[in-house]
Every structure is written in C-alpha cells, then in structure tokens.
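These are the residues of each chain, in order.
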Amino acid sequence: MGKSKLPTILRVEVNNPIRESLVDKPSETANGFFKAAYASIRRLLSGREVDASSRSEEEKVYSWLYALALSRNSLIFEYVESTERGLSFTEAERRLKENGPNAPVEYTSPSWWRLLSNAFFHPFNIILIVLSTLSYITSDTTNGCIMLVLVSISVALRFYQEFASAKAALKLSEFLRYPVKVQRCAGRVIQTELIVQVDQRDIVPGDIIHFEPGDLFPGDVRLITSKQLVVSQSSLTGESAMVDKAADVREDRSTPLLELKNICFMGTSVLAGSGTGLVVSTGSKTYMSTMFSTLGKQKPPDDFEIGIRHLSYVLIGVMLVITTIIGFTDYFTSYYLSETLIFSISVASALTPQMLPLIINTSLAKGALAMAKERCIVKSVTAIRGMGSMDILCVDKTGTLTMNRVVVGNHIDTWGSSNEDVLRFAFLNAYFKSEQKNPLDDAILAFVYTNGYRFQHSKYMKTDEIPFDFVRRRVSVILETASSEEDRKQRSLERYIITKGALEEVIEISKFIANADGRTITSFSSEDYQRIQKMGQELSDGGLRVLGVAMKRLKVQPKDGRKADISYESDMLFLGLVTFYDPPKDTAKQALWRLAEQGVKPKVLTGDSLHLAIRVCKEVGIKTTHVTTGPDLELLDHEAFHETVKMATVLARLTPTQKLRVVQSLQTVGDHIVGFLGDGINDSLVLEGANVGISVDSGASVSKNLADIILLEKDLNVLAAGVEQGRLNFGNTMKYIKMSVIANIGAVLSLLIAISFLGFEPLTPRQLVTQNFLYSLGQIAIPWDNMDDEYVRTPQRWSRKRLPMFILWNAPVCSMCDIATLLFLWFYYQANSLSEMKLFRSALFVEGLLMQTLIIHLIRTKKIPFIQAVASWPLICSTIVISAIGITFPLTPIGQVMGLVSLPLTYYGFLVVLFLGYFMVGQSVKMLYIFVYKQWL
C-alpha cells in the first residue's frame, strides 16, 4: 500500500446474500449500481430530500459492520464469500466487472447552458419577455426593446456570477490513487498465495490486504492479524488522538462503532504496527460513504427564493385581473381595439417590478465584492443573503476559536508546584531530540526562549537517542556533561538519560520520586502513583495536554558501539509534568461578541473531548451551562434529542453524521437558519446540509468544494462582516420589492379610476412606458444604499404574512396622492376634457414619476426621512437626477414629440404641498404600522 492523504469516495454496490440476511434488507439487483446512479442523477436534478433513504443506508452499514465485529475469525470469510488464502485472480476480476471500479463519483460542474437556463428562467424575466413579445406584436417596439434590455442585463449578470463560481469550484474527485498490497491465490490444482500490488480502484470485497505504517485502508476492513497496531481516525472524527486496534478482540453491540477494536475504516491511516485484514465493504457500503451519502443534492430554495416565486405568481394574477379590467374600460370608452391592447400591455409592464432580477443580482454582486475585500471568497452569491438570515453559527473548536498551535501552559513537580528543573530537562530532551520532531517540542523550545530561561544546552552533548514509537509513547535522549572545565579535560563526564512522553508511560518506568522539599528522593509508592494520576486526570479534564518528564544518571557507558535500547528506560526519577494547550485566538472573543450583538448564537460542534471544548469555550466567552456529547445523544429519543440540541451550546465527540443530525434538528424543529464553519473531510456532510457552508482556504479540497463561502483567514470577524453584508443585501432588496409593489399597484389603481371618469387614457402607452423606464433607472442605486443600525443587528428572513399587510397599509397612501392630483387638475385647471388632455397627461406624468422616485426615501427606513435618516449619496444623487429629468422632460423636444406640454408654476407649488402631505401621512401610517407589527421592512 502506498501513502496518500485521502482515499476515494466510493460508490460500488456489493451484492451479497449473506450480508443482506445479516442486515435484514432485500437484495439489490445486478443493475443496482446503474439504478443508484440514475437515482442520484434524478435527485441531483430535482433537489428532493432523501434523508429517509440515507438513514436507511446508514443503518445497513452499521448492522453489517457490527455483525462482522461480533463474529469469530473463522466466520468472517463466509460473510464475504472469500477464503483465508484470499480471492483468486479470476474471482477478483469477476467481482470487479460485476460491481464496477472502486472509484469516486464524478460530480462535474454544471454546463454553461444549464447555468444560462437557470439565469434565464426567472419568473419576472418570463413576465417581461411575454410583455415584450406582445409589445412587438402590437408594434410598440420601444416598450419591447426596453424590457428586453432589462432582461438581458439581468440574465448576463447572473450567468457571469454563476459561471465564475462554477469554474472556481474545486472538483470533488481530487483524490490520489495508491497501490495496495493484496493477497491473492493462483493455480488450478495447487493454489499458491501471492502478495501483489493492486490499484486501490481494483479492490473488491473479499480481498485480504497487508498494511504497515503510512498506509490507508481502501475500504472497511475486519482485522485478521495485528501487531501493535495504532490507527488515526481523524478523517472520520476530526480528533487527532490515536486509536489502538487489535484483531483478537471480540466486541459487543454496546461498543460505539468508531471504537470497535477489530474494525478499521476506509480513509483511516496506519500510524504504527502492521497486520492483515479482510476487506468487507467498499464504495457506497463503507462507513465513510455515509459521510457523503447526501452530497451532490441541490440545496432546496430558501425562504427568499420561495417568497419571490410566490410574489411573482400573485403579481401575475393581479396583473391579469387589473389589466383586463382596464382594457375593457378603455375599450368601451374609446372603442379602439389596437390602442386598447397597447395601453393594456403598458399597464401590465408598469405593474411588473422590472428591475427586481437586476436589483437582486447587483446587490449580491456588490456583497460578494465587499466580502472579497475582507479576504473572503463567495462561491455561491445567494449565500450572502443566507448570512443575513443566519441566527445560529456552528463552529469547530480547532483553528476557529483557537490558534491551532500548541503552547506550554505550566511545568510542575509531583506536588503541583511550578518547578524549573522539570522545564530544564524537558527542554534538553526537546532540544537534542533529532527524530520525529513534533509541535510539543517546538512549544517547549519557544517557551524557554521567549521567557528568558538560560539552560546552557551548549554544556551538553548527545551520545544516543531512543526514538518515539506509538507503543512506548515516549522518547529518550542520552546526554553527557561535565561538572567543571577540569572534569571536562579529564573526561570525567556525567551521563544522563532524559525521558519525556505520555504520563502513564513515564510513570511506568519510574522507580523514584522527589519529595515536596525537592532535595530528598524516595521510592515511588502507590500513594504517589494515585496522587500523580489524579493530578494528571484533573489537568486533562481541564482541557490540557499532559506529558511526564523523568531522568536517570547512568553509571555505565555503552561499549563497543552498542546502541542504547529501551532497557535503559528503567528505575528512573520522576520529575514532574509539562502541560500544553491550544490558546484561543485574540480576536475570537471580540468576534463572538459582535456576532451575539447581531443576533447570531454560536454553538460548538467538535470531535474533540468535552473537557477540552469546555475549557476553550469558557476562555472565549461561550456559555457552558448546557453541554453534551455524541455518545450521550445516541441514547436519547427524538424529543429529548431535539430539546438537548436546542439547549446545548457545546456538543463534543460528535461523528460526521451526528453533526449533520444536530444541524438538521436546528433547521427543522428549531426553525433556525444555520451556518457551519468547518475545514475537514469529516465536515463534508454538515457543510452540505447547513444553510450556509463555510470553509477555509487551508481546508480539505472536499470541504472547500462543498462550501458556499471560503475564508482566506480563520477569523470570525470576517463572518461578522459577512452577516452585516447579508442583512444589508436583504434589506435593500426588500426596499425595492415593497416600494415598487405599493407604488405600481397604487399607480395602476389610480389609472383605473382616472380612465373610468375621464373618458380618455390618462397617459398614452408611450408616456407610461417612458415614465416607468425613468423610474426604474433611478432605482439602480438602491444596492448602494445603507440600512438602519437596528436593522442589521437582527437576523432577517422573508415572511409571507408581512408583504400583503405592508401593501394593504401603504398602497392606499400612494393612490390617495394620485387621486388628489386628479381632483386638483379636474377642478382647479378644469382639465377634464379632450382639449385639456395634453395638460392633464403632462401633469400626471410629472407627478407619477416624482412620486415613484421619492417614495423610496419614505420606505427605506422606519425613521423620519431626511431628518433622522439620510440615504446614501448614490441614492440621493439618483433621486435628484431622475426628479430633474421628470420636471424638465415636458420641455424637451422628446417630451413634446410624446405629446407633453409645459406646466404652470402653480402646479409645481401644488406638488410641493402634495409631497409634504404625502410624507406626513405616510410617516403616520408607518408609525402606526410599526406600533401594530413591531417592525417595518
């Protein structure tokens, strides 16, 4: 077997009647792989949930592995239809053809045409295209061109964003192939056992593999033989702790799956020892496959997307009803069918929020650029909106809350007091150790150098070293030194062996201990052993890593060049303990405080021990009154599970599937929008399942591929900035939606009233389209507007109930202003006949454009506009420019061609009074609305 960082994610169906009987599930057909692949494609395209199916597959994997763990070695070969000699080459080839290669599923990026179709088929785009087509049919090419330009800009912007994200996405199948040592049998009459190198893709259930340090397991393996085997399961659990494995162990059902001694899992690696194992599961039948069983599914639309679709359907219904009413009214007034059709299309166009797709995509693009300045890559632009809605952030401990590096905490003697001798001998061990340097050695050296200790290592000379191994779990160095310069000249040297390692292992080789006074030495008693073990356990429970330090003066120097061996590690003097910890980041506490102010609650989901997680959380200010562990969660029923997840702030010793269940519980039962920050392979499931998946640039390629957002630095302050951007994006989008809907509905209702009483069209189709175009042009600046501080401090989500009530309260205010204008023109200027039609239309054109342009300042804030809250400069400039164009447009040649005339100065005085009254009434309605519903946007 070769050495690699990561195994492939396998998807191979294994048909085994014995296995199926063990897990009490019906067998798959010979075409199971293709059916599964077809089903996966359907799920990928449809985005439907398959949680029940995934859970069923997970239970089958668990049952199969437990059945093998509980069985004797003589039976396991029957379960996979193999022999103690291994499979024959012919049988292995047959199984490979039957099951397919042991290869990852290729999740390719969407094709450009699919991305283009996704950008094109937006409900409002379809509405505009239909209206544009009708405009061309009725020879209203100007209106048709304007709507097609808006659609083209929106589609192009959305396509560019999605295509760039797809190209930047990492491929899920970035895994290295590696050879595996497999035992096969050959010969027809007399079979001979052979050890051959087989590519990992060609491994099948029933193969017997040989492994050694550095190797990866190509599938789930039931151990046959083992010799001092130590395995790393960090790819599954996220924990760096080593796990001992043994073949001659009979397990029972009460043992947690990942703690089974005689089962090694796909993706785990051998740290020490060797052995042989029977491959019992490959591909989609492995435990690791349960981590990826839901990958590739399209995330369901969020509340905002669902709300937009529902809004589009409602507007289509309203548009059809109102347009039909206006069309019949206009026809029975004028009896010109062609003009009636053109006018009806113009009204439908005015009723449609034409800029909505463009506003949404521009806001998202602006948010992505702002987060890029914060050293954050946004792969899925809609995730920015998700950040604004997020109210719970689940984080792993390592590297997120902590610096992901080890520092020395303390150096104490056997009585718990700080002792410099303990640090000195630990330093000498770390300094002269030459093999397998690790972060703990670097931490000791850094601590000594930065704190001004001078241990004069130049007086020592290393003569030998007994390197670290995973069985002894300690390392020793043999040093020589002279008490004085004269002793050095006479070669009268003192020799020491200094040992540093796991506390229990160092205690095991110690025979003596220093008393509390530090001067006298006594034999190691049982009371000393219990005291030190208790002290070490308390330190470990406090989240500290503990090493023991011991030394011994050697009386005899090895002769004849004989190397020192472990026999030297005996009868040693136990000196004390050195503690280590991963310090919290300086910015973590501040960032968590910022997130708390924004209404985002942190929860720690980690594979590390509970005591370590609690210690870190206390240091960064996370409450630890409610904590739990993965094994404890497994014992709870559904209701107790959901209640525990709701209350707990620290959840430790979680497996990947448990992390996913926690997030899904928060989403479904708690109705929360959940973000998850993780960077390991074991975080893949939950990154895919969270509403917002966040990874880091240094994370595994799989986690980066599945994440919506990639941080270039592990800093929660970046997330706090992202939350603010998300809420700013959401707020500006809601401004446009609410403002455009109430303004358009109010204007169309006014048109219906006017056409019913006047006997002619209050605005010509061309005037109506031009007014709508200028108004829409002025709204492009909305994504650059700011929001009230109170708004960005709370999570924002789409509400179906809010928008209808908002329209019912505010649309009549707009209609009242339009009706007041109609009455003023009717009675003051007597503009109620065909002779005064141009004056009437010019006045209504200017009033309607100014109304729709100024309304944004009333809607954008719950405060008093222009007094308590001022819009951003881009929006103010846009308002001024569009208002100036609206006032002067009747005086321009284009306006005169369109049938507009200059207006008397008294009318502009009326507009000043009208808009002052509108803002006063609108603000009063706003305050009453806020009093009733406790919110505005």
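Caption draft 1: Representation of the sheet that holds strand 10 (residues 392–395). What the eight strands build is an open sheet, ordered 9-24-23-22-10-19-21-20; its pairing is mixed. Two strands lie at the open edges of the sheet, namely strand 9 (376–378) and strand 20 (627–629), each paired on one side alone. In this sheet, neighbouring strand axes are inclined to one another by 20° on average, regardless of whether the strands run parallel or antiparallel. Bridging between strand 20 and strand 21 (residues 650–652) involves three bridges; their strand directions are parallel. Residue pairing in the sheet places T628 in a bridge with L651 of strand 21.

Caption draft 2: Quick look at the side chain of T853. Mapped onto the fold, T853 is located in helix 30 (residues 837–859). Relative accessible area serves as the criterion here: at 3%, T853 is assigned to the buried category. From its side chain, T853 meets the backbone oxygen of L849 in a polar contact 2.7 Å long. Those residues in contact with T853 that lie beyond four places of it in its chain are Y775, Q779, T879, I882 and S883.

Caption draft 3: Examining the environment of L278 more closely. By secondary structure assignment, the location of L278 is in strand 8 (residues 269–281). The class for L278 is buried, based on a relative accessible area of 0%. L278 sits 69 residues away from I209 along the chain, and the two C-alpha atoms are 6.5 Å apart. The contact partners of L278, leaving out residues within four places of it in the chain, are I76, F77, V80, S82, G206, D207, I208, D220, V221, R222 and I224.

Caption draft 4: The arrangement of the confidence of the model for the protein in detail. In this model, the protein carries an average pLDDT of 80, and 84% of its residues clear a pLDDT of 70 or more. Within the protein, the lowest mean pLDDT, 37, falls on helix 2 (residues 32–46), and the highest, 94, falls on strand 4 (residues 208–211). In the predicted structure, residues 2–15 sits below a pLDDT of 50 and forms 79 contacts with residues beyond four places in sequence or in another chain. For residues 17–53, every residue scores under 50 in pLDDT, and the model assigns this stretch 48 contacts once sequence neighbours within four places are set aside.

What counts as what
Every residue gets a number counted from 1 within its own chain, in the order that chain's sequence is written. At least 70 in pLDDT is required for a residue's local features to be given in this predicted model, at least 80 for side-chain atom pairs to be given and counted, and no such filter applies to totals for whole chains, interfaces and linings, which use all residues. Side-chain measures were taken over the full set of non-hydrogen atoms in the model, leaving aside hydrogen atoms and water. We call two strands paired when DSSP finds no fewer than two bridges between them. What counts as a helix is a DSSP run of H or I of at least four residues, what counts as a strand is a run of E of at least two, and both are numbered from the N terminus. Lines fitted to C-alpha atoms define the axes here, with helix axes fitted over just the stretch in contact, and angles between the N-to-C directions of these axes take values from 0 to 180 degrees. Residue burial is assigned from relative accessible area. The probe radius is 1.4 Å, only protein chains are included, and a residue is buried under 20% of its type maximum, exposed over 50%, and partly exposed in between. In the analysis that follows, any N or O atom pair within 3.5 Å is treated as a polar contact, provided that within protein one partner can donate a hydrogen and the other can accept it, and provided that, for residues neighboring in sequence, both atoms belong to side chains. We call two residues in contact when some of their heavy atoms are within 4.5 Å. Confidence scores labelled pLDDT are given residue by residue by the predictor and lie between 0 and 100.

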